[in-house]
Amino acid sequence: AQDEALRPDVINDAEFKSIPFINTNDYDSIDNANGGGNRAFLFLDADENLQIATPDLFCKKLKCQELDKIKVISIFGNTGDGKSHTMNQVFFDGDPVFRTSTEQSSCTIGVYAAMQREQGVLCLDTEGLLGTTAKSNKRMRMLLKILAISDIVVYRTRSERLHSDMYEFLGTASKAFCLHFTQALQSMGNGSTLGPAVIIFHETHYTKPLESTVEESAEDKLRNSFARLNYETNAFSSLRYVGIQTDAKSSTNFQKITDALRLEIENTAVRSPRQPSVVFKAMKLLNQKFAGEIIEKAINPFPEQYFTCGAHCESCSRRCQRSMGHVGDGEPHFNTQHCNYQHQYENKIYLCKACYNNGKEIVVSSRTQSQTDTAWSGLLNYMWKGKVIECPYCGEIYRDRQHWYGNQSPEASVVNVQVVHVWKGGNGVQRTNAHSAQMVLDSVSSLSEVFTNISAPWTRALSDLFADSVAPSYWRPNQEITLCHACKRNFEKTGMPKHHCRGCGEGFCHTCSQHKLPVPARGWLEPVRVCNDCHQQLQRKSDATPGSKPINDEGDIRVRKYGETIYNTISSVAAVAIEYPKEMIKDSARPSYWVPDAESPSCFICKSVFGSAEELELGQHTKLTTTTTTTTGKSKERHASVARGQIDSTGGAYGPSECRRHHCRRCGQAVCSECSNRRMPVPERGWQTEVRVCDACACVPQSSLGNGSNRNSISSALSDAINGDDGSTEEQHQQGNERRRSSSSNRSNTSHQDYRNGNGNGNGINGGNGNCNASDDAKAKTE
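Quantities reported herein were computed from a predicted structural model and do not represent experimental measurements.

## Comments concerning the sheet that holds strand 13 (residues 415–419)
Part 1 of the argument: The strand order 9-8-13 describes an open sheet built from three strands, whose pairing is antiparallel. Strand pairing shows two members of the sheet lacking a second neighbour, strand 9 (363–364) and strand 13, which therefore form its edges.
Part 2 of the argument: Relative to strand 13, strand 8 (residues 348–352) is paired through five bridges, and the arrangement is antiparallel. What sits directly across from Lys348, in strand 13, is Val419.

Written as structure tokens, this is what we have:
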């Protein structure tokens, strides 16, 4: 009974066989047939999983004690460059601790570790770069983490020349260490802020490796290459280059890399040896902190950006699907996907609903006036009924204030909305109210100009009469002043204001009376305006009495003093309260394709400087006085002639008159009045009625611009018109400029009407083929 109790419950008569150990990782089963020496073990697999659970097991696997101090040396490089063979030869005397293979498939997947106890070094053999894998991003992150815990890094390459992948990998590692790994390692008590020492082991067969010279070492050449490729290496404690040239039939000599590694192992100035548990905890910390799935994007062997258009929609950021250069072929930007509406771009267009139901897509827009309205009637209708939407087939289909109440929005009644792409640098959307504010300002400006022209003479006469009534007795009356007392310029022809010298009382222009000094003999104790002659007299003798008239008393100038104080105060308030808001309204109302005033100081065609008569005269005077005469003496003669008043001041080259800034409604460039006498509709810009266009745009055929063309296409056509084959030389342009200045007053009254009726040199807008054969005067303008 006792024997039966000791018997097993299940009796198997078959022969007992040992259960074979199944290793799931083929690369961890290295043959130990040579005597059970030190063999490498898998430290991290291809999925970044640690194969050792605890620091104790890590020490046991390394066959070392917990209190031992070790340094970590890892090797990196492209697959097939002999990383495992290098580690075996340098640290293990050729013993195959790390597996090598002659097959095409990689023999190292993940990271393998082995201990070199004589030197106290933990060797890490890593998976090669550029190897075929579906997890290239995860492999890169694993290698960067291994580099972060290493004390010495060897980058092994057997390329004949250093490739860009080495610079990219080390530059990326340096950036990752500075931005991410340093903070994580310091949190566990590792106070070192410098990364590992890097040694680049470069072996060639047919080319020479980098060589150090007296002027520049091999390491300096490497750093210059990193800087040229915009990569930094400031995270590494040192950078060393070891280059050897090996005959193709000879084996590699590892003596130089062995010596370099021995020096780095013995160097403890920056990185000291650490306990194995510290190394394991650092690796575990980085592996836990920087984990998770990474999106692996397959490399596209045919990238779209190589050949497709580079324009992107500003609203949805989608790329144009046409090939490069399609704009030059007359094809607009295109994308089949729908766009997203954004209010800042107003990327929606209106389609007439009645025409859309009949199978036609007719784009309509909201305007301030219809095509049949004039400037006066359009302004009145806009004030009474609001903006209008007009279809070329259905006529007027919508008014903002058609009824006193109950007005529906256009989207709900008469139009269909379509969201379109807004291409950056391409054809912009013709917004529904792009020019509405500017059209209203144009109408108001045209009305104000009419009233101003009618009332200008009376206003000027009343102003002179009032000024004379409060002027001191020794001042010359305004009605007697027609020429500047010094330079003899005509005030009426130049448009410049008159100024009185407080010393002599004569009338001067601003240029001849810029100085300010007290005139105590006349009762002016504060600095006031004086002419050039009185300025010289008062500088020699401050109590002198300039002029030929006797000394006046204090009460003679009291009214003028009070008047100037009140006038200056009102002018300052008006400039802040009226002029500044006016300029802000003008800037916000202008269309987007117009060139800003700050970028257009002169006329785009004739290069005349914009400004008032006084500003231009002052600028011309400053330019003349600072002109050097090192080459010729003409500037001296002209300056002297200007001072004597011998040069005509009717608006010639040295007699400036007012030059106002206008914008061409077609190209958006800033032009002067003389270069923008033409009027014509510009439907591609949304101007259905006749508006101001420059003379160059009036000569550009309508077909050359296309529908909805942008500023670039218009500017190119404008440049062709300006620099066209007119056969004229620069000297002929200069002669045409002089003729233009002399005949501008006569031509301005006739050119507009002749051009509209088709009787001018341009053959009319409504007749012919729309081309304009510019005359000599037009050629001179388009210089």
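## Thoughts on the sheet that holds strand 10 (residues 366–367)
The pairing of strands in a sheet happens through backbone hydrogen bonds and is either parallel or antiparallel.
Part 1 of the argument: Taken in spatial order, the three strands make up an open sheet running 10-11-12, and their pairing is antiparallel. The open sheet has two edge strands with one neighbour each: strand 10 and strand 12 (395–399).
Part 2 of the argument: Where strand 10 lies against strand 11 (residues 388–391), two bridges are found, and the strand directions are antiparallel. Opposite Arg367, over in strand 11, you have Val388 as the bridge partner.

## Overview of the confidence of the model for the protein
Caution applies to low-pLDDT regions: their predicted coordinates should not be interpreted in detail.
Part 1 of the argument: Here the protein shows a mean pLDDT of 75. Residues at 70 or above account for 67%.
Part 2 of the argument: For the stretch residues 16–36, pLDDT sits under 50, and the model shows 21 contacts to residues farther than four places along the chain or on other chains.
Part 3 of the argument: Within the model, the stretch residues 724–783 combines pLDDT values under 50 with 71 contacts to residues more than four positions away or in other chains.

## Here's the deal with the packing of helix 5 (residues 164–186) against helix 6 (residues 218–228)
Part 1 of the argument: At their nearest, the axes of helix 5 and helix 6 sit 10 Å apart, and the two run at 80 degrees to each other. Regarding the angle of helix 5 to helix 6, the classification is roughly perpendicular. Within the contact between the two elements, helix 5 uses Met166, Tyr167, Leu170 and Gly171 and helix 6 uses Leu222, Ser225 and Phe226.

## Quick look at the pattern of salt bridges
Side-chain pairs of opposite charge can arise whenever the charged atoms involved come near each other.
Part 1 of the argument: Considering all chains together, one arrives at 19 salt bridges under this definition.
Part 2 of the argument: Ionic pairing is found between Lys135 and Asp47, a salt bridge with its closest N-O pair at 2.6 Å. One end of the pair, Lys135, is in the loop between strand 4 (121–126) and helix 4 (136–149); the other, Asp47, is in the loop between strand 1 (41–44) and helix 2 (55–62), and 88 residues separate them in sequence.
Part 3 of the argument: Judged by relative accessible area, which is 36%, Lys135 ranks as partly exposed.
Part 4 of the argument: Glu48 serves as the salt-bridge partner of Arg141, at 2.7 Å between the closest nitrogen and oxygen. Of this pair, Arg141 sits in helix 4 while Glu48 is found in the loop between strand 1 and helix 2, placing the two residues 93 residues apart along the sequence.

## Re the nonpolar core
Part 1 of the argument: Counting 51 residues, the largest nonpolar core has Phe43, Leu122, Leu124 and Phe169 as its most contacted members.
Part 2 of the argument: Ranked by residue count, the leading element in this core is helix 5, at 10 residues.
Part 3 of the argument: With sequence-adjacent residues up to four places away left out, Leu124 is seen in contact with Phe43, Val72, Ile73, Ser74, Ile75, Met87, Val111, Tyr112, Ala113, Ile146 and Ile149.
Part 4 of the argument: Tyr112, Cys123, Phe254 and Ala260 belong to the second largest nonpolar core, which has 25 residues in total.

## Some remarks on the environment of Arg139
Part 1 of the argument: Positionally, Arg139 belongs in helix 4.
Part 2 of the argument: Each C-alpha atom of the pair Arg139 and Glu48 lies 8.0 Å from the other, and the pair is 91 residues apart in sequence.
Part 3 of the argument: Once residues within four sequence positions are removed from consideration, Arg139 is found in contact with Glu127, Gly128, Leu129, Leu130, Gly131 and Thr133.
Part 4 of the argument: A polar atom in the side chain of Arg139 sits 3.1 Å from the backbone oxygen of Gly131.

## Here's the deal with unusual backbone geometry
Part 1 of the argument: With phi around 65 degrees, Leu130 is a residue other than glycine that occupies positive phi space.
Part 2 of the argument: Of note, Leu130 is situated in the loop between strand 4 and helix 4.
Part 3 of the argument: One non-glycine residue, Lys488, lies in positive phi territory at about 65 degrees.
Part 4 of the argument: Mapped onto the fold, Lys488 is located in the loop between helix 12 (436–469) and helix 13 (491–494).

## Thoughts on the state of the cysteines
Part 1 of the argument: In total, this model carries zero disulfides according to the counting rule given.
Part 2 of the argument: Left without a disulfide partner, Cys339 is nearest to the cysteine sulfur of Cys313, which lies 3.6 Å away.

## Remarks on the packing of helix 4 against helix 5
Part 1 of the argument: Taken N-terminus to C-terminus, the directions of helix 4 and helix 5 make an angle of 65 degrees; their axes are 9 Å apart at the nearest point. The chirality of how helix 4 crosses helix 5 is right-handed. Only Phe169, Thr172, Ala173, Ala176, Phe177, Phe181 and Leu185 of helix 5 make contact with helix 4, whose side of the interface consists of Met140, Leu143, Leu144, Lys145, Leu147 and Ala148.
Part 2 of the argument: Here the residues of the contact of helix 4 with helix 5 are counted per class, giving 11 nonpolar, one polar and one charged.

## Points about helix 14 (residues 532–540)
Part 1 of the argument: Restricting attention to buried positions, one finds in helix 14 the residues Cys534, His535 and Leu538. Down the axis of helix 14, the sector holding all buried residues measures 105 degrees, keeping them to one side. Along helix 14, the residues that are exposed and aim more than 90 degrees away from the buried face are Asp533, Gln539 and Arg540.
Part 2 of the argument: At its buried positions, helix 14 is contacted by strand 16 (515–519) and strand 17 (524–530).

## Describing the pairing of strand 5 (residues 152–157)
Part 1 of the argument: Buried residues dominate strand 5, accounting for six of its six residues.
Part 2 of the argument: Both faces of strand 5 are covered, namely the face carrying Ile152, Val154 and Arg156 and the face carrying Val153, Tyr155 and Thr157.
Part 3 of the argument: The sheet contact formed by strand 2 (residues 71–77) and strand 5 spans five bridges and is parallel. Residue pairing across strands places Gly77 opposite Arg156, the latter belonging to strand 5.
Part 4 of the argument: Bridging between strand 5 and strand 6 (residues 197–204) involves six bridges; their strand directions are parallel. Counterpart to Ile152 in the pairing with strand 6 is Ala197.

Calculation rules
- Residues numbered from 1 in each chain as written.
- Predicted model: local features only at pLDDT ≥ 70, side-chain atom pairs only at ≥ 80, totals over all residues.
- Heavy atoms only, no water.
- Pairing = 2+ DSSP bridges.
- Helix = DSSP H or I, 4+ residues; strand = E, 2+ residues; numbered from the N terminus.
- pLDDT = per-residue confidence, 0-100.
- Contact = heavy atoms within 4.5 Å.
- Axes fitted to C-alpha atoms, helices over the stretch in contact; angles between N-to-C directions.
- Parallel < 35°, antiparallel > 145°, perpendicular 65-115°, else oblique.
- Salt bridge = Lys/Arg side-chain N within 4 Å of Asp/Glu carboxyl O.
- Buried < 20%, exposed > 50% of the residue type's maximum accessible area, 1.4 Å probe, protein only.
- Core = buried A, V, L, I, M, F, W, Y, C linked by side-chain atoms within 4.5 Å.
- Polar contact = N/O pair within 3.5 Å; in protein donor to acceptor, adjacent residues only side chain to side chain.
- Disulfide = S-S within 2.5 Å.
- Left-handed = near helix turned anticlockwise from the far one by under 90°.
- Nonpolar A, V, L, I, M, F, W, Y, C, P; charged D, E, K, R; others polar.
- Arc of directions from axis to C-beta.

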